[in-house]
Amino acid sequence: AQSVTQLDSHVSVSEGTPVLLRCNYSSSYSPSLFWYVQHPNKGLQLLLKYTSAATLVKGINGFEAEFKKSETSFHLTKPSAHMSDAAEYFCVVSDTGLTGGGNKLTFGTGTQLKVEL
Amino acid sequence: GAGVSQSPSNKVTEKGKDVELRCDPISGHTALYWYRQSLGQGLEFLIYFQGNSAPDKSGLPSDRFSAERTGGSVSTLTIQRTQQEDSAVYLCASSFRTGGGNTIYFGEGSWLTVV
């Protein structure tokens, strides 16, 4: 069974300061890990994904995440926050656990990022 | 199309009525998924299609929920005799294939309110 824990339900930063959104996972297999972002009243947009290649993954809008197997973590970071980054962020682990081989996505509970002037 | 398209984007319906939600996946994507996002429940898997077949329906919450997919493309999620607890955002997603490292792309959702 797989699971995802997002350690903070809310994070507040000032514009121009670094962002850290924490995620820990549990998976029986070598996991595929994703971060998705959801802006208000919008769908889920893929930020980045880890698939056992480089452990440091770069995504869109200046975000990156580092896969650390020893810590079972996949924290999301950005050096400098922008007002437009305010949104909800979901850490997701994926395997082929659905009947028929489909990808079963297990979502974290989300972290709401607030960016203040 | 360029992305996963869902309609309607918003739907308000009376309790007891039936609703249909439509999903147009990205062209060429064989796998299609429906998820539900509601307050207090987070994101829940509903059903998975591979082509026109649905090998995994394990997330459908009751027999009032059904879905079909035709032509390996468009999918319709139907909720019969809607209840207030059905109020949620229904998200459709698609992917080119399945397997490790596969990326799943989401639509913007259909926001359902049952009054």
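Remember, it's a predicted structure, so these values are computed and weren't measured experimentally. (Residues numbered from 1 in each chain as written. Chains lettered and ligands numbered in written order. Predicted model: local features only at pLDDT ≥ 70, side-chain atom pairs only at ≥ 80, totals over all residues. Heavy atoms only, no water.)

**Q** Before we go on, may I ask you to explain the nonpolar core in this structure?
**A** Taken as a class, soluble globular proteins show a tendency for nonpolar side chains to be buried jointly. With 26 residues, the main nonpolar core has Trp-35, Leu-48, Phe-74, Leu-76 and Tyr-89 of chain A as its most contacted residues. Looking at this core, the element that brings in the most residues is strand E10 (residues 87–95) of chain A, giving four residues. (Core = buried A, V, L, I, M, F, W, Y, C linked by side-chain atoms within 4.5 Å. Buried < 20%, exposed > 50% of the residue type's maximum accessible area, 1.4 Å probe, protein only. Helix = DSSP H or I, 4+ residues; strand = E, 2+ residues; numbered from the N terminus.)

**Q** Hey, could you run me through the pattern of salt bridges in this one?
**A** Side chains bearing opposite charge may pair, as long as their charged atoms lie close to each other. Residue and element names in this part refer to chain A. Tallied over the full model, the rule gives nine salt bridges over all chains. Between Lys-58 and Glu-64 there is a salt bridge, with its nearest N and O atoms 2.8 Å apart. Lys-58 sits in the exposed class, given a relative accessible area of 63%. (Salt bridge = Lys/Arg side-chain N within 4 Å of Asp/Glu carboxyl O.)

**Q** For this particular structure, what's the right way to read the interface of chain A and chain B?
**A** Listed per partner, the contact involves 21 residues of chain A and 21 residues of chain B. Carbon and sulfur atoms make up 56% of the area that chain A and chain B hide from each other, which totals about 1800 Å². Summed over the three residues of chain A that lose the most area to chain B, namely Leu-44, Leu-98 and Asn-103 of chain A, the buried surface amounts to 26% of that side. Viewed at the interface, chain B and chain A are joined by one salt bridge. Counting the contacts that link chain A with chain B gives six residue pairs in polar contact (both at pLDDT 80 or more). Counting residues per element, the ones that place at least two in the side of chain A that touches chain B are strand E5 (32–38), strand E6 (44–50) and strand E11 (104–107) of chain A. By residue class, the composition of the side of chain A that touches chain B is eight nonpolar, eleven polar and two charged. (Contact = heavy atoms within 4.5 Å. Buried area = accessible area lost by both parts, 1.4 Å probe. Polar contact = N/O pair within 3.5 Å; in protein donor to acceptor, adjacent residues only side chain to side chain. Nonpolar A, V, L, I, M, F, W, Y, C, P; charged D, E, K, R; others polar.)

**Q** It is not clear to me how the environment of Ser-14 of chain A should be interpreted in this structure. Could you clarify?
**A** By the element assignment, Ser-14 of chain A lies in strand E2 (residues 10–14). Those residues in contact with Ser-14 of chain A, other than ones at most four positions away along the chain, are Ala-81, Val-115 and Glu-116 of chain A.

**Q** I would appreciate a short explanation of the sheet that holds strand E3 (residues 19–24) of chain B in the present structure.
**A** By way of backbone hydrogen bonds, the strands of a sheet pair with one another, either parallel or antiparallel. All names here are of chain B. Spatially, E1-E3-E8-E7 is the arrangement adopted by the four strands of the open sheet, whose pairing is antiparallel. Pairing within the sheet leaves two strands with one partner each, and these edge strands are strand E1 (5–7) and strand E7 (65–69). When the angles between neighbouring strand axes are averaged without regard to direction, this sheet yields 15°. Alignment of E7 against strand E8 (residues 75–79), held across five bridges, turns out to be antiparallel. Bridge pairing links Ser-66 to Thr-78 in E8. (Pairing = 2+ DSSP bridges. Axes fitted to C-alpha atoms, helices over the stretch in contact; angles between N-to-C directions.)

**Q** It is not clear to me how the packing of aromatic side chains should be interpreted in this structure. Could you clarify?
**A** For any two aromatic rings, the description comes down to two numbers: the centre-to-centre distance and the angle of the planes. Evaluation of the coordinates by the stated rule reveals twelve aromatic pairs over all chains. Ring geometry for Phe-107 of chain A versus Tyr-35 of chain B: centroids 5.6 Å apart, planes at 75°, classification edge-to-face. Here Tyr-35 of chain B lies in strand E4 (residues 31–38) and Phe-107 of chain A lies in strand E11, a pairing that spans two chains. Tyr-35 of chain B gets classed as buried once you look at its relative accessible area, which sits at 0%. Members of the aromatic cluster, connected to one another through ring pairs, are Phe-34, Tyr-36, Phe-90 and Phe-107 of chain A together with Tyr-35, Phe-45 and Phe-106 of chain B. (Phe/Tyr/Trp six-rings, centres within 6.5 Å; stacked < 30°, edge-to-face > 60°.)

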